[in-house]
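Residues per chain, in single letters:
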Amino acid sequence: SQQGEEDPQALSIQEGENATMNCSYKTSINNLQWYRQNSGRGLVHLILIRSNEREKHSGRLRVTLDTSKKSSSLLITASRAADTASYFCATYNFNKFYFGSGTKLNVKP
Amino acid sequence: DVKVTQSSRYLVKRTGEKVFLECVQDMDHENMFWYRQDPGLGLRLIYFSYDVKMKEKGDIPEGYSVSREKKERFSLILESASTNQTSMYLCASSSSPGTGARELFFGEGSRLTVL
């Protein structure tokens, strides 16, 4: 399977702290993306990093990619209660997207 | 605002029934996807389509079929629903490589319960 695997499966932090989630994958990729899912809803795209990029920022999000280790990390800085959601990494190759099982983030007010 | 619309948020069906899950996108995307999501298993690709009347199997196509007669509409069909098909079904679309962002746009999901 080409699926990514997120780590940890669950993360609980206080508001204002940073949250770091990791993703490992198995095959070569064109790009890697992170998505967010609020409970019972569809997924929303957060950020995309191409295979030739090492780091990317978007607002409070910072994504890194290490293709030699086949891994990526998502950092959410200064977390808010509204960041409570599940976060998924997705690898893209040959017109297909493969998802991991996600990290469930709980940000306590 | 771009949109992927799934016809039903919640469905309850009986074992053996034929089930249709409809998905419509208004972004003129070439690619459309059906995933199912189960706790601990993440999203698994059932089928995808890269053009009208074209389809390809994903990782778990058994027990499912799809139909894409128009570019904007992609239907998932459970010919004879079984209890192990109780799940959240997510439809998504994306543009083709080279024509724009290759991110997925998701619908809100259809939660199917098979009794």
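(A) Summary view of the interface of chain B and chain A. In this complex, chain B contributes 26 residues to the contact, which on the side of chain A involves 21 residues. In this assembly, chain B packs against chain A so that about 1,800 Å² is buried in total across both faces, 50% of it on carbon and sulfur atoms. Summed over the shared surface of chain B and chain A, the number is one salt bridge. Where chain B meets chain A, there are five residue pairs in polar contact (both at pLDDT 80 or more). Within the residue set of the side of chain B that touches chain A, elements represented by two or more residues are β4 (31-38), β5 (42-49), β6 (56-57) and β9 (87-94) of chain B. Broken down by element, the side of chain B that touches chain A gets its largest block of residues, five residues, from β5 of chain B. Broken down by class, the residue content of the side of chain B that touches chain A amounts to 12 nonpolar, six polar and eight charged.

(B) Focus on the nonpolar core. The biggest cluster of nonpolar side chains holds 21 residues, and the ones touching the most others in it are Trp34, Ile46, Leu76, Leu78 and Tyr89 of chain B. Those elements giving two or more residues to this core turn out to be β3 (19-25), β4, β5, β8 (73-78), β9 and β11 (110-114) of chain B. In this structure Tyr89 of chain B touches Gln6, Leu21, Trp34, Tyr35, Arg36, Ile46, Tyr64, Leu76, Leu78, Gly109, Ser110 and Leu112 of chain B, once residues within four positions along its chain are discounted. Among the nonpolar cores identified, the runner-up in size contains 20 residues, and Met21, Leu61, Ile76 and Leu105 of chain A belong to it.

(C) Seen up close, the pattern of salt bridges. Residue and element names in this part refer to chain A. Under the definition given, this model contains 11 salt bridges over all chains. For Asp83, the salt bridge goes to Arg36, with nearest N and O atoms at 3.9 Å. Separated by 47 residues along the polypeptide, Asp83 in the loop between β8 (71-76) and β9 (85-93) and Arg36 in strand β4 (residues 31-37) bring together distant segments of the chain. One exposure class covers both Asp83 and Arg36, and it is buried. Two residues, Asp83 and Arg60, come together in a salt bridge whose shortest N-O distance is 2.9 Å. Separated by 23 residues along the polypeptide, Asp83 in the loop between β8 and β9 and Arg60 in the loop between β6 (55-58) and β7 (61-66) bring together distant segments of the chain. Relative accessible area serves as the criterion here: at 23%, Arg60 is assigned to the partly exposed category. It is possible to trace a salt-bridge network through shared partners that takes in Arg36, Arg60 and Asp83.

(D) Region of the structure containing the pairing of β9 of chain B. Residue and element names in this part refer to chain B. Extensive coverage of β9 is indicated by the burial of eight of its eight residues. Going residue by residue along β9, you find Ser87, Tyr89, Cys91 and Ser93 tucked away on one face and Met88, Leu90, Ala92 and Ser94 tucked away on the opposite face as well. One ladder, built from seven bridges, connects β4 with β9; its direction is antiparallel. Bridged to Arg36 within β9 is Tyr89.

(E) Examining the environment of Glu6 of chain A more closely. All names here are of chain A. With respect to the helices and strands, the residue Glu6 is situated in strand β1 (residues 5-7). Residues in contact with Glu6, not counting those within four places in the same chain, are Asn22, Cys23, Trp34, Tyr87, Phe88, Cys89, Gly100, Ser101, Gly102 and Thr103. Only 3.0 Å separates the side chain of Glu6 from the backbone nitrogen of Ser101, close enough to count as a polar contact.

(F) Structural context of the sheet that holds β8 of chain B. Residue and element names in this part refer to chain B. Spatially, the four strands line up as an open sheet ordered β1-β3-β8-β7, and their pairing is antiparallel. The sheet is open, and its two edges are formed by β1 (4-6) and β7 (65-70), each paired on a single side. Looking at each pair of strands side by side, their axes are set apart by 20° on average, direction ignored. Of the pairings in the sheet, the one linking β1 to β3 comprises three bridges and is antiparallel in character. Paired with Gln6 across the bridge in β3 is Cys23.

(G) Expanded view of the sheet that holds β6 of chain A. Residue and element names in this part refer to chain A. Pairing within the open sheet is antiparallel, and its five strands lie in the order β1-β3-β8-β7-β6. The open sheet is flanked by β1 and β6, the only strands paired with a single partner. On average, each strand axis in the sheet is tilted by 20° relative to the strand beside it, whichever way the strands run.

Analysis parameters
Residues numbered from 1 in each chain as written. Chains lettered and ligands numbered in written order. Predicted model: local features only at pLDDT ≥ 70, side-chain atom pairs only at ≥ 80, totals over all residues. Heavy atoms only, no water. Contact = heavy atoms within 4.5 Å. Buried area = accessible area lost by both parts, 1.4 Å probe. Salt bridge = Lys/Arg side-chain N within 4 Å of Asp/Glu carboxyl O. Polar contact = N/O pair within 3.5 Å; in protein donor to acceptor, adjacent residues only side chain to side chain. Helix = DSSP H or I, 4+ residues; strand = E, 2+ residues; numbered from the N terminus. Nonpolar A, V, L, I, M, F, W, Y, C, P; charged D, E, K, R; others polar. Core = buried A, V, L, I, M, F, W, Y, C linked by side-chain atoms within 4.5 Å. Buried < 20%, exposed > 50% of the residue type's maximum accessible area, 1.4 Å probe, protein only. Pairing = 2+ DSSP bridges. Axes fitted to C-alpha atoms, helices over the stretch in contact; angles between N-to-C directions.

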